[in-house]
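Each chain is listed here by its residues.
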Amino acid sequence: MPPDFSRRSLELERLDTGDYTPEEYERCLAELRRVNRWMGDAGALRRSVLTEIGRDGGRDGGRDGGREFSLLDVGAGSGELLREVARWARGRKMRARLVALELNERAARAALEESAGYPEVSAVRADALRMPFADGAFDYVMCSLITHHFADEGVVRLLSEMARVARRRVFAIDLRRSRGAYLLYTTAGRLVVRSPMVRADGALSILRGFADGELRQLAERAGLARPRVRRRLPFRLVLSAEPGERAKRGKGERVKEERAEAGESVGATAG
């Protein structure tokens, strides 16, 4: 039966079920780095996140007159994109505080190990839906190829939590669901991808990806302000939005609001 491109697939990837051995996971990490380079992740980053940061110019760094900014990468994997950001910032003599957030212990360790030459990069192991950061802790918050791992409600929760800890802007880079992307990956992609797990998960990732309007609607549901979604070659979507007033009120206020909307008493406690 041919794939249905009219809606997001709900089938889980093996990476999300935990149905793999440690050896398979190590091979998966290596393969994904190669596939993502081939699919242009760094290019999408440069043409979206870095372009916006460069336009903003960063914050005043203090007495030395330099400029600085902070960026959180949610679900950062081995931190490859943060190292790209670090090189970009160094080239512009901007100070950067770059944090990789990962739930997977091996990935969080890899982000630190592979960023040994980048003191501006640190890693935190934590749940993306309950981040251990204060409201507005970072200038920018981004994620790349993470949102498609969540069902729609999970995407809304993720974007809302990202907006909570962002001061300036939220970015989400992910896959554009299309027949062309699927055919390219399942034909020419086989020349690049060796791992059976990555072959299967990669094709499914495309089917779990988004149409332009779907990602924008999820951002609006999350309370983000002025969301816009742009296409980036090849087969990428980039969501860019401001945190929004609802996010700026902080997690506690949003919880009260959500309880009120559900008809619960704000002062109620569990018995």
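*Asks:* Looking at this structure, I do not really get the pairing of strand β8 (residues 236-242). What am I missing?
*Replies:* It is a general feature of regular strands that their side chains alternate between the two faces of the sheet. Counting buried residues along β8, 6 of its 7 residues qualify, which places the element largely inside the surrounding structure. Alignment of strand β6 (residues 166-175) against β8, held across 6 bridges, turns out to be antiparallel. Paired with F171 across the bridge in β8 is S240. Examined bridge by bridge, strand β7 (residues 225-232) and β8 share 6 bridges and lie antiparallel to one another. Among the inter-strand pairings, R231 is bridged to a residue of β8, identified as L237. Hairpin remark: β7 followed by β8, antiparallel, with 3 residues in the connecting loop; positive phi at F235, about 60 degrees.

*Asks:* Can you help me understand the side chain of S205 in this one?
*Replies:* Tracing the backbone shows S205 in helix α8 (residues 196-207). Here H148 takes part through its side chain, which lies 3.1 Å from a polar atom of the side chain of S205. In contact with S205, other than residues within four places in its own chain, are E13, H148 and L175.

*Asks:* Got a minute to help me understand the packing of aromatic side chains in this structure?
*Replies:* The description of two aromatic rings rests on the distance between their centres and on the angle between their planes. Applying the stated criterion across every chain yields a total of 5 aromatic pairs. Ring plane angle 75 degrees and centroid distance 5.7 Å describe the contact between F5 and Y182, whose orientation is recorded as edge-to-face. Taken as a pair, F5 in the segment before α1 (14-17) and Y182 in helix α7 (residues 179-187) lie far apart in primary sequence, 177 residues in all. On the basis of an interplanar angle of 70 degrees and a centroid distance of 6.5 Å, the ring pair of F69 and Y140 is categorised as edge-to-face.

*Asks:* Got a minute to help me understand the pattern of salt bridges in this structure?
*Replies:* Enumeration over the complete set of coordinates arrives at 25 salt bridges. Between R87 and E84 there is a salt bridge, and its shortest N-O distance comes to 3.1 Å. On the criterion of helical spacing, the pair formed by R87 and E84 is a turn pair, its members being 3 residues apart in helix α4 (residues 80-91). Given the relative accessible area of 41%, R87 is considered partly exposed. Judged by its relative accessible area of 18%, E84 falls in the buried class. A cluster of three or more residues bridged by salt bridges with shared partners is formed by E52, R55, R169, R226, R228 and E242.

*Asks:* In this structure, what is going on with helix α9 (residues 212-221)? I would like to understand it.
*Replies:* For an α-helix the count is 3.6 residues per turn, leaving residues at separations of three or four pointing the same way. Those residues of α9 that sit buried are D212, L215, L218 and A219. The buried residues of α9 occupy an angular sector of 140 degrees when projected down its axis, which confines them to one face.

*Asks:* How do you make sense of the environment of E52 when you look at a structure like this?
*Replies:* Among the secondary structure elements, E52 is positioned in helix α3 (residues 41-56). Sequence-distant contacts of E52, that is, excluding residues within four places in its chain, are made with R169, F171, R228 and S240.

*Asks:* Would you take a moment to explain the packing of α3 against α4 for this structure?
*Replies:* Contact geometry for α3 and α4: axes closest at 11 Å, N-to-C directions at 50 degrees. One element, α3, and the other, α4, form an angle in the oblique class. In this structure, the crossing between α3 and α4 has a hand that is right-handed. Every residue of α4 that contacts α3 at D41, A42, L45, R46, L50, I53 and G54 is listed here: L81, E84, V85 and W88. Split into classes, the residues belonging to the contact of α3 with α4 amount to 7 nonpolar, 1 polar and 3 charged.

*Asks:* Looking at this structure, how should I read the pairing of strand β3 (residues 94-102)?
*Replies:* The element β3 is extensively covered by neighbouring structure, given that 7 of its 9 residues are classed as buried. Examined bridge by bridge, strand β2 (residues 67-74) and β3 share 8 bridges and lie parallel to one another. For V74, the partnering residue across the bridge sits in β3 and is L101. Chirality of the crossover, the property in question, places the unit of β2, α4 and β3 among those that are right-handed. Of the pairings in the sheet, the one linking β3 to strand β4 (residues 121-125) comprises 5 bridges and is parallel in character. Following the sheet pairing, L101 is matched in β4 by V124.

What counts and what doesn't
Residues numbered from 1 in each chain as written. Predicted model: local features only at pLDDT ≥ 70, side-chain atom pairs only at ≥ 80, totals over all residues. Heavy atoms only, no water. Buried < 20%, exposed > 50% of the residue type's maximum accessible area, 1.4 Å probe, protein only. Helix = DSSP H or I, 4+ residues; strand = E, 2+ residues; numbered from the N terminus. Pairing = 2+ DSSP bridges. Polar contact = N/O pair within 3.5 Å; in protein donor to acceptor, adjacent residues only side chain to side chain. Contact = heavy atoms within 4.5 Å. Phe/Tyr/Trp six-rings, centres within 6.5 Å; stacked < 30°, edge-to-face > 60°. Salt bridge = Lys/Arg side-chain N within 4 Å of Asp/Glu carboxyl O. Arc of directions from axis to C-beta. Axes fitted to C-alpha atoms, helices over the stretch in contact; angles between N-to-C directions. Parallel < 35°, antiparallel > 145°, perpendicular 65-115°, else oblique. Left-handed = near helix turned anticlockwise from the far one by under 90°. Nonpolar A, V, L, I, M, F, W, Y, C, P; charged D, E, K, R; others polar. Right-handed = clockwise from strand over helix to strand, strands pointing away.

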